[in-house]
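# Summary of structural features
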Amino acid sequence: MIEASCHCGAVKLEILCAPTEVTDCNCSICRRYGVLWAYYTPGDVRIIATQGGTNCYLWGDKSIGFCRCRDCGCVTHWAAVNQLADRMGVNARLMAPEVLAAARVRRLDGANTWRWLAE
């Protein structure tokens, strides 16, 4: 079990396993958030927060909500609006440094081509 949390600790995530790779996306929102995304099925992630402890921002086609801690502002995860979607992203920068260091970082050109950049 891997744990991640926002800066103030009000939002915690329990994740079934450590990521083997994370995505560094340069789209307009990800580059501003400065996140590295680890992808999971929602059933592999438990989000622990008080009622109203997070709020989510939807933009563009409003298919994904980017969620953050209401107290400290750390982006914790994104979730699909469609409850049937079997994928979500966890901000791997909230994991312990040694967990993140073991993961391969892949760069995605989300700003233009939606292709992986040379590694």
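Before going into details, it helps to say that this report is about the structure given with it. Keep in mind it's a predicted model, so treat the numbers as computed, not measured.

## Describing the packing of aromatic side chains
Here a ring pair, both rings aromatic, is described through the centre-centre distance and the interplanar angle of the planes. Using the criterion set out here, one finds 3 aromatic pairs in the structure. Judged by centre distance (5.8 Å) and plane angle (55 degrees), the rings of Tyr33 and Phe66 are tilted. Of this pair, Tyr33 sits in helix α1 (residues 30-33) while Phe66 sits in strand β7 (residues 64-69), and the two are 33 residues apart along the sequence. On the basis of relative accessible area, Tyr33 is assigned to the partly exposed category, the value being 30%.

## As for the sheet that holds strand β1 (residues 2-5)
Reading across the sheet, the 3 strands line up as β1-β2-β5 and stay open at both edges, with antiparallel pairing between neighbours. Each edge of the open sheet carries a strand with a single partner, namely β1 and β5 (45-48). The mean angle between the axes of side-by-side strands here comes to 20 degrees, regardless of whether they run parallel or antiparallel. Alignment of β1 against strand β2 (residues 12-15), held across 4 bridges, turns out to be antiparallel. What sits directly across from Glu3, in β2, is Glu14.

## What about unusual backbone geometry?
One non-glycine residue, Lys62, lies in the positive phi region at around 60 degrees. With a phi angle near 55 degrees, Trp114 is a residue other than glycine that sits in the positive phi range. Mapped onto the elements, Trp114 comes out in the loop between β10 (104-109) and β11 (115-116).

## Topic: the state of the cysteines
Considering all chains together, one arrives at 1 disulfide under this definition. Here Cys30 is not cross-linked by a disulfide; its sulfur's nearest cysteine counterpart is in Cys27, at 3.6 Å. Taking relative accessible area as the criterion, Cys30 reaches 6% and is therefore assigned buried. Cys69 forms no disulfide, and the closest cysteine sulfur to it belongs to Cys8, at a distance of 3.7 Å.

Thresholds applied
Residues numbered from 1 in each chain as written. Predicted model: local features only at pLDDT ≥ 70, side-chain atom pairs only at ≥ 80, totals over all residues. Heavy atoms only, no water. Phe/Tyr/Trp six-rings, centres within 6.5 Å; stacked < 30°, edge-to-face > 60°. Helix = DSSP H or I, 4+ residues; strand = E, 2+ residues; numbered from the N terminus. Buried < 20%, exposed > 50% of the residue type's maximum accessible area, 1.4 Å probe, protein only. Pairing = 2+ DSSP bridges. Axes fitted to C-alpha atoms, helices over the stretch in contact; angles between N-to-C directions. Disulfide = S-S within 2.5 Å.

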